[in-house]
Amino acid sequence: MQASTLGQRYFGVPHLSLYGRRASDRLSASRCANADPVSSLGAPLAPSDLAATPVGGVRVLIVDTPGPDLERLVGVVRAYAGFQLLPPLDYGLEYGLEYAAELVEEVRHQSPDILVMDIGRGDAGVAASIRACRVASPHTEILLRTPVGNDGYVLACIEAGASGYFFKDAAAEWIVACVLALRDGGALISPGIARRVLSRFPLAAAGLHPAAGGAELTEPQVDVLRLVACGTGLHEISDTLALTTRQVLALIKSVYRVLADTAQA
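Now for a look at the structure at hand. (Residues numbered from 1 in each chain as written. Predicted model: local features only at pLDDT ≥ 70, side-chain atom pairs only at ≥ 80, totals over all residues. Heavy atoms only, no water.)

What follows concerns the overall build of the chain. In terms of regular secondary structure, the chain is built from 11 helices and seven strands. Within the chain, residue pairs in contact and separated by at least 24 positions form 73% of the contacts whose partners lie at least 6 positions apart. Working note: accessible area of the chain is about 11,300 Å², and carbon and sulfur atoms make up 55% of it. (Helix = DSSP H or I, 4+ residues; strand = E, 2+ residues; numbered from the N terminus. Contact = heavy atoms within 4.5 Å. Areas by Shrake-Rupley, 256 points an atom, 1.4 Å probe, with all protein chains shown as cover.)

Further remarks concern the environment of E71. With respect to the secondary-structure elements, E71 resides in helix α3 (residues 68-79). Given the relative accessible area of 59%, E71 is considered exposed. Separated by 19 residues in sequence, E71 and D90 have C-alpha atoms that sit 9.6 Å apart. (Buried < 20%, exposed > 50% of the residue type's maximum accessible area, 1.4 Å probe, protein only.)

Turning to the packing of helix α6 (residues 151-160) against helix α11 (residues 245-264), a few remarks are in order. Each packed pair of helices is defined by two parameters, the angle between the axes and the distance between the axes. Here α6 crosses α11 at 80 degrees, and the two axes come no closer than 7 Å. It follows that α6 is roughly perpendicular to α11 by the angle criterion. Within the contact between the two elements, α6 uses L155, I158 and E159 and α11 uses Y256, L259, A260 and A263. Across the contact of α6 with α11, the residue classes break down as six nonpolar, no polar and one charged. (Axes fitted to C-alpha atoms, helices over the stretch in contact; angles between N-to-C directions. Parallel < 35°, antiparallel > 145°, perpendicular 65-115°, else oblique. Nonpolar A, V, L, I, M, F, W, Y, C, P; charged D, E, K, R; others polar.)

This next bit is on the pairing of strand β3 (residues 114-118). Counting buried positions over the five residues of β3 gives five, a clear majority of the element. Residues of β3 alternate between two faces, with I114, V116 and D118 on one and L115 and M117 on the opposite face, all of them buried. Note that strand β1 (residues 58-63) and β3 share four bridges and pair parallel. Paired with V60 across the two strands is I114, which belongs to β3. Relative to strand β4 (residues 141-146), β3 runs parallel, the two sharing five bridges. (Pairing = 2+ DSSP bridges.)

What follows covers the packing of aromatic side chains. Using the criterion set out here, one finds two aromatic pairs in the structure. With 4.6 Å between their ring centres and 45 degrees between their planes, Y80 and F83 make a pair best called tilted. Owing to a relative accessible area of 21%, Y80 belongs among the partly exposed residues under this scheme. On the basis of relative accessibility, which here comes to 10%, the residue F83 falls in the buried class. (Phe/Tyr/Trp six-rings, centres within 6.5 Å; stacked < 30°, edge-to-face > 60°.)

With that settled, consider the sheet that holds strand β2 (residues 83-85). The strands that make up a sheet pair up through hydrogen bonds in the backbone, lying either parallel or antiparallel. What the five strands build is an open sheet, ordered β2-β1-β3-β4-β5; its pairing is parallel. One side of each edge strand has no neighbouring strand; the edge strands of this open sheet are β2 and β5 (164-167). If you compare each strand with its neighbour and ignore which way they point, the axes differ by 25 degrees on average. Across three bridges, β1 lies against β2 in parallel orientation. Each bridged residue has a counterpart across the sheet, and for V58 the counterpart in β2 is F83. Contacts from helix α4 (residues 101-110) reach β1 and β3, with the element oriented near 170 degrees to β1.

This is the structure in structure tokens:
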């Protein structure tokens, strides 16, 4: 896959220029209405945007169905000097991953920094496994591998405690960028997921966006989600909101925490 198509799925290049600290509701609505669903001008996030030098080895555990996809992920992790590959678990949904006590025990025993997990098209048991893994190893960040067009289930897995995701056809450099973002306290998001999140938090007074259970999104979080939802690139978001790229990614990660807190309320 070409980097241009890959990049826009997370942070697309905008069709209109934005000026000022905050995009107005009218401008945001106009951009969303006129944005192409798939932009050919997307710009991928390179690992160098997140960290120039890895600090220590990031311990990565991969759980996937046996076959080329698992072999490719193993190759990506092995090829990056800042990662330490733990022995992969080579079974998938057809082997009962959704209820696998073995997976939870392995996570508890190895306590990886990142758990890379294939979620297929979605099953309620996978969300249960995510919750169990979070309890078994609270510091472990769970990174999902998912097909395109699986936004609803990805969101359910984030509510269960997942920390991020990438699409099954993602380029190697994008997978590395996802892991580094999590290591540095941030996360990536696609326009489709951003739009779904915004739909769950209606606008409210005082710059806060309450959801069921009392969870809230702050104005900076909503600013970032609105811009991503309309296909704005990461670096333009950074410029528009006067934030560093790391701060933008950290805000996305904080949105995921709000979703998890809301689901548990």
